[in-house]
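Descriptive analysis of the structure
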Amino acid sequence: MNAYDISYNSLETFTKDLDPKNLKKLYDLGIKNLHDLFYYFPRAYDDRTNIMKIGDLRGEEYVVLKATILSVASPPTKSGLKMVKANATDGSGIIDLVWFQMPYLRKTLKPGEEYIFIGQIKSGYRFQMVNPEFKLSSSQRKISEGEILPIYSSSKALPQNSLRKIIHHFIKVYLHIFQENIPEEIIREYNILERREALKQIHFPTNNKLLEEAKRRFAIEELLILEMGIVQKRFQSEYISSGNYHLDDNKALVKKYLSTLPFSLTNAQKKVITEIYKDLNQGKIVNRLVQGDVGSGKTVVSMVVLLYMLENSYQGVLMAPTEILAVQHYLSIKDKFEALGVSVELLTGSFTGKKKQQILKNIADGKTGIVIGTHALIEENVVFKKLGMIVIDEQHRFGVIQRKTLRDKGVLANLIVMSATPIPRSLALSIYGDLDVSIIDELPPGRKPIKTKWISTDSDIKIMYDFIRKKLSQGRQAYFVAPLIEESEKLSAKSVEELQHEVSSYLPNFKIGVLHGKLKNNEKDEVMKQFKNHEFDILVATTVIEVGVDVPNSSIIVISDAQRFGLSALHQLRGRVGRGSYQSYCFLISKTDNDTSKARLQIMEETEDGFKIAEEDLRLRKSGEIFGTKQSGLSDLKFVDIVHDIKTIKLVKEISYRYLQRHKGQIDNVFLNKDIAEKFKES
Ligand code: ADP
Ligand code: MG
């Protein structure tokens, strides 16, 4: 057995190193094999070399303090949680210390004794640490390897010291199993800490400098596995080469279609279409992300491309994330397309029996030129005669796997994904490493800016309803949106039913439709259609209306409990209005007193620029999920924070390109190749 495989052997096989009692305890921490154990990195360090002074604390950092307890108490709390509260001083200042659900600490912590406290600082009236680790400063250290000891996420069953011992033992005995998985020349060129040394240092650092180098190494290692995989695919595939096929470049049908539109294309739309034509005319496999803010007119672009492929003898599909959207796209083009002699079909999960069979047959025979649908298009029984173009709308809802399944149905795997999710420019390249990017950076002319107002008082809510009443009387329509809530949160947010109740009491003379997740697809479509036909004045809904719904007469959107939505969702929701020639309004209702929420609502009031909102969103959050990163592979990185490590992400992207270019797409490192294969296993 080779070293790589041994590292993935179950810990069960290490009977002489591990008390079998501990096996299950390790399993519960997610540690199943040697690799898991070695890559179970400390979440903090007890670093006696770097003890901070309370007087020097700045903000939200992870620190080690040495301070003497002044007092300990267990005051009652509103929530009923058991709390132990203490304060302590090191002579330079006082810090508050709070522990929840550990009532026994009341007795453990002794006023007058000096302790080491390790944890995250929170700033407030006074600096505070919540649930810090602590120990008597005079206590003996268990493992005398260095001044800096690891602190792992441990469990009751497997406490800190036991876990530390286990990891210490395995590193001593099995470190040699872990061979270098970054190619030699990259290690040398970028001065990267070697793998075994880094593993030793990350767990039991000699000093802070080496610890930092170890952290850098693992961020690079993790990113390399992802980026090398992405870039390598690109090198191995035909995406970057030309001459894969030939198109006749007929354009008559597209011209005819454009002449039926009541508007002409914006320059940005034209630019993007030209970019796509260019790929096609060079016989390149299209692999492109079209990014354009809400309302920038992505649909027309996709229709032009699909018609172009059709008149050059290829079928095309447009896949939407929801049935509502698919139906809307279908209805909006059906008549126009049929007038042009183009046969277009709708295919969603709701179709069954004879009807479905007929549609499938038409697609297989090539009678149907363009198919619009949902993920039902991915099903095995959907077979095309000559599929040449796939357009995926609102791509952030689809994963890489779904993209690939659909692509495999094509004669040509041309793919365009469209997204209204603005991604900060600094991230776009990394996130969509495998796609070319086109941006529609201009809205159609004549759009009036949407007026956005954050409303936080009951009296303002009344004024708002008066205002809406007036607008509805003038013939406009309005959306009211409630957040999706869990059963357990019922007290804190308005459900759709409650919202409907409130709306009907304020606006009794208007017709209200309701749209929520529990409705069946065809029921949802029916409600949407009725709203579009103005059979309702008001649509009360959950976020199902978030993506792409187009009702130009609806010029008002009210979002209740707006603090519960992310900036991205708010921006998408607001994009439901401002689609016609009427002045549109967005009301964000929130009584929040959370600073970050307030900042978010203010940004919404200040700007409509999706990119700016995305940048602000990035700035406001510490880490975590960013606009549209879910399916990118970047969001499940363990050691990289995509907000703070942007520089490293860029660096690794560059390293990967350079390396693969030099090596003609091949990686000269067995371990790295295996890691990549493992990571991209199911996509
Ligand atoms: P999105 O990019 O959000 O998908 P849509 O494609 O739904 O935007 O377009 C939004 C609205 O703008 C639609 O009503 C569409 O008909 C209209 N539209 C698209 N392109 C133009 C244009 N060049 N000039 C005027 N209106 C346009
Ligand atoms: Mg759209």
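Numbers given for residues are sequential positions, taken from 1 along each chain in its written order. Labels follow written order: the first chain is A, the first ligand is 1, and so on. Local features in this predicted model are restricted to residues of pLDDT 70 or higher, and side-chain atom pairs are both shown and tallied only at a pLDDT of 80 or more, whereas totals for entire chains, interfaces and linings draw on every residue. To obtain the side-chain values, all non-hydrogen atoms of the structure were included, while hydrogens and water were left out.

What counts, and what does not: UniProt positions are given in the numbering used here, feature names are shortened, and annotations may be inferred rather than shown by experiment.
As annotated in an unreviewed UniProt entry, the protein carries the name ATP-dependent DNA helicase RecG and is attributed to Fusobacterium hominis. Word for word, the UniProt comment on the protein under Sequence similarities (unreviewed entry) is "Belongs to the helicase family. RecG subfamily."

Examining the packing of aromatic side chains
The description of an aromatic ring pair rests on the distance of the ring centres and on the angle between the ring planes. Our working definition: By convention, a stacked pair of Phe, Tyr or Trp rings (six-membered ring in the case of Trp) has centres within 6.5 Å and planes under 30 degrees apart, an edge-to-face pair has planes over 60 apart, and any other such pair is tilted. Here a helix means four or more residues in a row that DSSP labels H or I, a strand means two or more in a row labelled E, and each is numbered from the N terminus. Exposure categories follow from relative accessible area, calculated using a 1.4 Å probe and restricted to protein chains: below 20% of the type maximum is buried, above 50% is exposed, and the middle band is partly exposed.
For the structure shown, the criterion picks out 23 aromatic pairs. Ring centres 5.8 Å apart and planes at 10° place the aromatic pair Tyr-465 and Phe-480 in the stacked group. Of this pair, Tyr-465 sits in helix α16 (residues 458-473) while Phe-480 sits in strand β18 (residues 477-481); the two residues are 15 residues apart in sequence, bridging distant segments of the chain. For the pair formed by Tyr-465 and Phe-480, the shared burial category is buried. Taken together, the ring pairs connect Phe-38, Tyr-39, Phe-41, Phe-178 and Phe-218 into an aromatic cluster.

Topic: the site of ligand 1
Cut-off, in case you're wondering: The near set for a molecule or strand comprises every residue that places at least one heavy atom within 4 Å of it. Throughout this description, a polar contact denotes any pair of N or O atoms lying within 3.5 Å of each other; where both atoms belong to protein, one of them has to be capable of donating a hydrogen while the other can accept it, and for residues adjacent in sequence the pair is counted only when both atoms sit in side chains. Areas reported here follow the Shrake-Rupley algorithm with a probe of radius 1.4 Å; residue values treat only the protein chains shown as occluding.
Looking at ligand 1, there are 17 residues lining it, with Gln-269, Gly-295, Lys-298, Thr-299 and Arg-447 nearest. At a separation of 2.9 Å, a nitrogen atom of ligand 1 approaches a polar backbone atom of Ser-264. The separation between an oxygen atom of ligand 1 and a polar main-chain atom of Ser-296 is 3.4 Å. Summarising the interface, the protein chains cover 84% of the accessible area of ligand 1, which totals 560 Å² for the free molecule. In terms of residue count, the dominant contributor to the shell around ligand 1 is helix α11 (residues 298-311) (three residues).

Here's the deal with the pairing of strand β11 (residues 315-319)
To keep it simple, the criterion reads: Strand pairing is assigned whenever DSSP detects at least two bridges linking the two strands.
The buried fraction of β11 amounts to five of the five residues, a majority that puts the element mostly inside the structure. Both faces of β11 are covered, namely the face carrying Gln-315, Val-317 and Met-319 and the face carrying Gly-316 and Leu-318. In the sheet, β11 pairs with strand β14 (residues 387-392) via five bridges, with the strands oriented parallel. Residue Leu-318 lies in a different strand from β14, and its bridge partner there is Val-391. Pairing analysis gives four bridges linking β11 to strand β13 (residues 370-373), with the strands arranged parallel. Each residue of the ladder has a partner; that of Val-317, found in β13, is Val-371.

Side note on the sheet that holds strand β21 (residues 554-559)
Which entries qualify depends on this criterion: Only the stretch in contact is used when a helix axis is fitted, and all axes are lines through C-alpha atoms; the angle between N-to-C directions ranges over 0 to 180 degrees. In this analysis, two residues are considered to be in contact whenever any of their non-hydrogen atoms come within 4.5 Å of each other.
The sheet built from six strands is open, its strands ordered β17-β22-β21-β18-β20-β19 with parallel pairing. Single-partner strands in this sheet number two, and they are β17 (451-455) and β19 (512-515). Between one strand and the next, the sheet's axes are offset by a mean angle of 15°, whatever the strand orientation. Pairing of β18 with strand β20 (residues 538-541), which is carried by four bridges, proceeds in the parallel orientation. By the bridge assignment for β20, Tyr-479 is matched with Leu-539. Docked against the sheet, helix α19 (residues 567-574) engages β17, β18, β21 and β22 (585-589), running at close to 155° with respect to β21.

What about helix α12 (residues 323-339)?
Rules: Take the number of residues in a helix, subtract one, and multiply by 1.5 Å to get its expected span. We define the bend at each residue as the angle formed by axes fitted to the 7 residues ending at it and the 7 residues starting at it.
With 17 residues, α12 extends 24 Å from end C-alpha to end C-alpha; this agrees with the ideal 24 Å at 1.5 Å per step. Ile-333 marks where α12 bends most, by close to 40°. Listed in full, the buried residues belonging to α12 are Glu-323, Ile-324, Leu-325, Ala-326, Val-327, Gln-328, His-329, Tyr-330, Ile-333 and Phe-337.

Structural notes on the packing of α16 against helix α17 (residues 496-506)
Convention followed: Note that the term roughly parallel is reserved for angles under 35 degrees, roughly antiparallel for angles over 145, roughly perpendicular for angles of 65 to 115, and oblique for everything else. Left-handed is the label given to a crossing in which the near helix is rotated counterclockwise from the far helix by less than a right angle, and right-handed is the label when the rotation is clockwise. Residues are grouped as follows: Ala, Val, Leu, Ile, Met, Phe, Trp, Tyr, Cys and Pro are nonpolar; Asp, Glu, Lys and Arg are charged; all remaining types, including Gly, are polar.
Where α16 meets α17, the closest approach of the two axes is 10 Å, and the angle between their N-to-C directions is 65°. The pairing of α16 with α17 is recorded here as roughly perpendicular in orientation. Classified by chirality, the crossing of α17 by α16 is right-handed. Listed contacts from α17 to Ile-461, Lys-462, Tyr-465 and Arg-469 of α16 are Glu-502, Val-503 and Tyr-506. Taken together, the residues of the contact of α16 with α17 break down into four nonpolar, no polar and three charged.

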